[in-house]
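Below are the chains, spelled out letter by letter.
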Amino acid sequence: MSETSASRPFQFSLPALGLYAFLIAVSAAMFFPLIWMTYSSFKATSYEIMLNPWGLPKDWDLSRIAAQYAYTWTKGNIGTYVWNSVAVTFATLIIVLVCSSMAAYAFSRLWFPGRDTIFTIFLIGLIIPTEAFLIPLFLEFRELNLLDTRWCLILAYSGTALPLSIYILRAFMVNLPRDLDESAIIDGCTSWGVFGRIIVPLITPALATVGIFTALGAWNEFLLALIFIESESLKTLPLGLLAFYGYHKVEYHYLLCGLTITTIPMIAIYLIFQRQIVEGLTAGALKE
Amino acid sequence: MARVVYNNVTKLFPGDVVAVKDFSLEVEDKEFVVLVGPSGCGKSTSLRMVAGLEEVTSGEIYIGDRLVNDVPPKDRDIAMVFQNYALYPHMTVYKNMAFGLKLRKYPKDEIERRVREAAEILGITELMNRKPKALSGGQRQRVAVGRAIVRKPKVFLFDEPLSNLDAKLRVQMRAEISKLHNRLQATMIYVTHDQMEAMTMGDRIVVMKDGEIQQVATPLELYDHPKNRFVAGFIGTPPMNFIEGKIERANGRFYFNEGTFRIALAEHMSPVLAGKNGAPITFGIRPEDIKDLEEVPNPNPEHCVTSRVEVVEPVGAESFWYLTTGLCSYIAKVGAHLRAEVNADRRVVFFVENAHLFDPTTQEALI
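Peer 1: Even after reading the chapter, I still don't get the overall build of chain A, so can you show me in this structure?
Peer 2: Each helix and strand in chain A was counted, giving 14 helices and zero strands. For the C-alpha atoms alone, the extent of chain A along its principal axes is close to 70 × 65 × 30 Å. Residues counted as buried form 33% of the 288 residues belonging to chain A. Put simply, of all contacts in chain A between residues at least 6 apart along the chain, 79% involve residues at least 24 apart.

In C-alpha cells:
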C-alpha cells in the first residue's frame, strides 16, 4: 500500500497544484516559529532581536554562537534542569506506558464487574482541565509531604496522561482479533503471557503514539511545576527558563538559546519514532 | 491419540441463551468428525468447549479417559486451527510454528526438527523467515495447520478453517487436510457451515440446529437416509425439494396428491403409509431424482408430472431447471444437452424409489 502511494508519480493538474500550495503553506506556518526561534537564538544581543525581530542574524560566527549556547547552559543552570526534566519525563513515561497498556488490556480483553463504569470514569479525566484540580492536588501533596519533590510532578503528569493513553491503547487493542489471544492460550500462554508476548508487540505503534504525547506533555509542562516546585535543584526546563525573564529586562537571545535546547530532544524523539506514531494514529482506518 | 466424549453437554450464555443443548457424542480415536449446521447452531461452541475456550454449563467432556471440564486449554493436549488463521503477526512463520513448543520448554533442536518436519509435510519450508503479512491466504492456512501439527496433540480442532479462502483454494485445501488426516492418523473435529466440506471430509458428520444434534451418520447415510426434513434440506446441492400434499389410496396402491398432480408412491413405502389415507404429507425428492421425459426410457406414466419451466441454469456438466406446477416449485437436475424454453411446459419423471416422506407436523422422516 505504502509502496503504491510512494511510487505514484506527481500528476500536474490545477487541483493538485492548489492542494500542494495549501499543504506547503500550512507546513511553513507550522515550521516557521521553530525556524525563527533557532535563527534568532544565533543573534548576538537582545537588542538585535528587538530591533529586527524577523531578520536573520548579522553575525554568523560559529564560535561566538557556540559560546553563547555554552554561556546559556552554564549561567542558566540548564544542565540541572535538563536532568530534572529527563528524570521526570522518563519516570512519567514508564508509569504511563506500563499502567495504561495493562489497563487497556483489562478494559478491552478481560471481563470483570464494573469494567465499563471504571473505563467511563477514566474517560471523564479527559474533560477535566488541570486548573480544576490544581488546588486539591496541591493540598493532597502537602499532606503526603510530596511537595517540592520530583514525585509530585511524576504522579501528577502520569495521572493527567493516563485517560488519553488508556483511551488510545484500548481503541487499538479492541481491533486485534480475539483469536490471537485464544490461539496463544492454547499454545500455553497465561493472561500475562498473552499480554506480554502477543498484545504488547502488536501495539508498538500505539505505544509510540502514547509515548510521544506523554513525553511532550511532561517535558513542556509549566503550571504544575511552577506551583509544586520551589527548590532550584528540582526545577524542570520550562520553569528554569524563567530565570531569563528579569524584572526589568528579558535576555531574549539567551532565552531563545534555552528554548532551542529544550526543543531539540522532543524533535529528535519525534523523528526517531515518527513512523510508528503515524501508524498508531491511523491504525484501524484501513482493512488489513 | 485419543477419543473425545461429550456427555449431555449444555452451554448457556448470559441471559440463559441456549447455545448447545444436551449434546452427546463419541468421537472415536483417529476419527474425522465434522460438525455442520447453519450459523448460530452451536457447532463452534461445541468445538470451543473441547478446546477449553468456553466453559461447560453442565455435562462432561472427556479427552481420552480424562474429564477435562476444569482443565485449562494448554493442558488438554489439543491444537486448534482458527477461521482467520490467528497467526501472530509480529513473528516469522518459524517462530509462529515454534511458539507452542518453546512455551512448553522443548529443547531447541527438537523444536527445530519438528518445525522442519511439519513444514516439509505442508510444503512451506521456503516460507520460514517470512511474516504472516507476506503470505497468501492459502500459505497462511498451511502455517496455521503447521502450528497445530508440530505439537503432535491428541486431538486436532478445526474451526471453519477454509471459510476465508477462495473457492478453488478451498477445494485444494480440503483435499490436503484429508490427506493430512490419513497421514497423521489423528483424532480430528472439524467445524464448517459448508455441507460440501462436511460430505467430502468427514468419516462421520454431526448435523446441528439450534444447539441440538439432528443426526450423526456417515456422509452417504446422511444423504440417503436423513432423519428429518432439516437434515434432508441441509445436505445436498441444490437442496432436496419438499412438496406438500396428501396421501391417497386407490386400487390397493398409495399415491401422493399435490393438488395439481398425482404420482404413485414406491412399493416399499406402503407399510409406513398404512392407515394414512388422506393424511397430509411432505414429499421430499432430490433434484437428481427428477429427470426430463427425454432422458428416461420407458417411463412409468404414474410417475410423470407436467410443470412450467421458470428458470434454466446450465452449470456445465448438467442443468438445473426451476419448475412450477402452479402450487409448488421445485428443481430438477437434468442433462446439460437438454434445452428448455422458459415458460414452456415440460414433462418430467420423478424417481419415487429414491423419494422421502416427512411428517409435516414433526418434520421427522417416515421413509
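Peer 1: How should the interface of chain B and chain A be read in this particular structure?
Peer 2: Accessible area lost on assembly of the parts is the figure often given for the size of an interface. The interface of chain B with chain A comprises 17 residues on the first partner and 13 residues on the second. Within the residue set of the side of chain B that touches chain A, elements represented by two or more residues are β6 (78-81) and α2 (93-103) of chain B. Of the residues belonging to the side of chain B that touches chain A, the class tally is 12 nonpolar, three polar and two charged.

Peer 1: Looking at this structure, I do not really get α2 of chain B. What am I missing?
Peer 2: For an α-helix, the turn length of 3.6 residues means that residues three or four places apart are oriented alike. The buried fraction of α2 of chain B is high, at eight of 11 residues. Listed in full, the buried residues belonging to α2 of chain B are V93, Y94, N96, M97, A98, F99, G100 and L101 of chain B. Where α2 of chain B is buried, its residues touch α9 (178-187) of chain A together with α3 (108-122) and α4 (137-149) of chain B.

Peer 1: For this particular structure, what's the right way to read the sheet that holds β6 of chain B?
Peer 2: Sheet strands pair by backbone hydrogen bonding; their relative direction is either parallel or antiparallel. All names here are of chain B. Spatial ordering of the open sheet is given by β6-β7-β8-β3-β9-β10, a layout of six strands whose pairing is mixed. The open sheet terminates on both sides in strands that have one partner only, identified here as β6 and β10 (212-217). Within the sheet, the average angular offset between the axes of one strand and its neighbour, ignoring direction, is 20°. Sheet topology note: the strand β9 (residues 204-209)/β10 ladder contains five bridges and is antiparallel. Each bridged residue has a counterpart across the sheet, and for K209 the counterpart in β10 is E212. Sitting on the sheet, helix α1 (residues 43-51) touches β3 (32-36), β6, β7 (155-159), β8 (187-192) and β9, and the angle it makes with β7 is about 145°. Of the strands in this sheet, β6 and β7 touch α4, which is tilted by about 175° from β6.

Peer 1: For this particular structure, what's the right way to read the confidence of the model for chain B?
Peer 2: Note that predicted coordinates carrying low pLDDT should not be read in detail. Per-chain confidence: chain B averages 94 in pLDDT, with 100% of residues scoring 70 or above. The complex model carries a pTM of 0.83, and its ipTM stands at 0.85.

Peer 1: Can you walk me through the pairing of strand β18 (residues 329-335) of chain B in this structure?
Peer 2: A regular strand places its side chains so that they alternate between the two faces of the sheet. Residue and element names in this part refer to chain B. Two strands pair when backbone bridges link them, and strand β17 (residues 318-324) and β18 are joined in this way by seven bridges, in the antiparallel orientation. Each bridged residue has a counterpart across the sheet, and for F320 the counterpart in β18 is K333. Linking two consecutive strands that pair antiparallel, namely β17 and β18, is a turn of four residues; a positive phi of about 105° is found at G326 within it.

Peer 1: Please explain α1 of chain B as it appears in this structure.
Peer 2: Residues and elements named next belong to chain B. Of all nine residues making up α1, nine are buried, and the element is well covered by its neighbours. Within α1, burial applies to K43, S44, T45, S46, L47, R48, M49, V50 and A51. Looking at the residues trailing α1, positive phi occurs at G52, about 90°.

Peer 1: Could you clarify how one ought to interpret the pairing of β3 of chain B in this entry?
Peer 2: Residue and element names in this part refer to chain B. For β3, the buried fraction is high: five of the five residues fall into the buried class. Here β3 pairs with β8 via five bridges, running parallel. Each residue of the ladder has a partner; that of V33, found in β8, is I189. Bridging between β3 and β9 involves four bridges; their strand directions are parallel. Within the sheet, the bridge partner assigned to V33 lies in β9 and is R204.

Peer 1: Would you take a moment to explain the packing of α4 of chain B against helix α5 (residues 167-184) of chain B for this structure?
Peer 2: When two helices pack together, you describe them by how their axes are tilted relative to each other and by the distance separating the axes. All names here are of chain B. Running from N to C, α4 and α5 cross one another at 20°; their axes reach a closest spacing of 11 Å. The angle between the axes of α4 and α5 places the two elements in the roughly parallel class. At the point where α4 passes α5, the crossing takes the right-handed sense. Residues G137, G138, Q141, V145 and I149 of α4 lie in contact with α5, whose contacting residues are L169, M173, L180 and L184. Classifying every residue of the contact of α4 with α5 gives six nonpolar, three polar and no charged.

Peer 1: Explain the sheet that holds β18 of chain B to me, please; I cannot follow it from the model alone.
Peer 2: Residue and element names in this part refer to chain B. Strand order in this open sheet of five strands is β15-β19-β16-β17-β18, and the pairing throughout is antiparallel. Both outer strands of the open sheet, β15 (290-292) and β18, are each paired with one neighbouring strand and no more. Neighbour-to-neighbour, the strand axes of this sheet turn through a mean angle of 50°, independent of strand direction.

Peer 1: How should I be thinking about unusual backbone geometry in this particular structure?
Peer 2: A cis amide bond links T237 of chain B to the next residue, P238 of chain B, at an omega of -10°. Although it is not a glycine, D148 of chain A sits at a positive phi angle of roughly 60°. Considering the arrangement of structural elements, one finds D148 of chain A in the loop between α7 (130-143) and α8 (150-174). Overall, D148 of chain A belongs to the partly exposed group, with 15 C-beta atoms counted inside 10 Å. Within the chain, E160 of chain B stands out as a residue other than glycine whose phi angle is a positive 45°. Structurally, E160 of chain B can be placed in the loop between β7 and α5. The exposure class assigned to E160 of chain B is partly exposed, which follows from the 19 C-beta atoms found within 10 Å.

Conventions used here
- Residues numbered from 1 in each chain as written.
- Chains lettered and ligands numbered in written order.
- Predicted model: local features only at pLDDT ≥ 70, side-chain atom pairs only at ≥ 80, totals over all residues.
- Helix = DSSP H or I, 4+ residues; strand = E, 2+ residues; numbered from the N terminus.
- Buried ≥ 20, exposed ≤ 12 C-beta atoms within 10 Å, placed from the backbone.
- Contact = placed C-beta atoms within 7 Å.
- Nonpolar A, V, L, I, M, F, W, Y, C, P; charged D, E, K, R; others polar.
- Pairing = 2+ DSSP bridges.
- Axes fitted to C-alpha atoms, helices over the stretch in contact; angles between N-to-C directions.
- pLDDT = per-residue confidence, 0-100.
- Parallel < 35°, antiparallel > 145°, perpendicular 65-115°, else oblique.
- Left-handed = near helix turned anticlockwise from the far one by under 90°.

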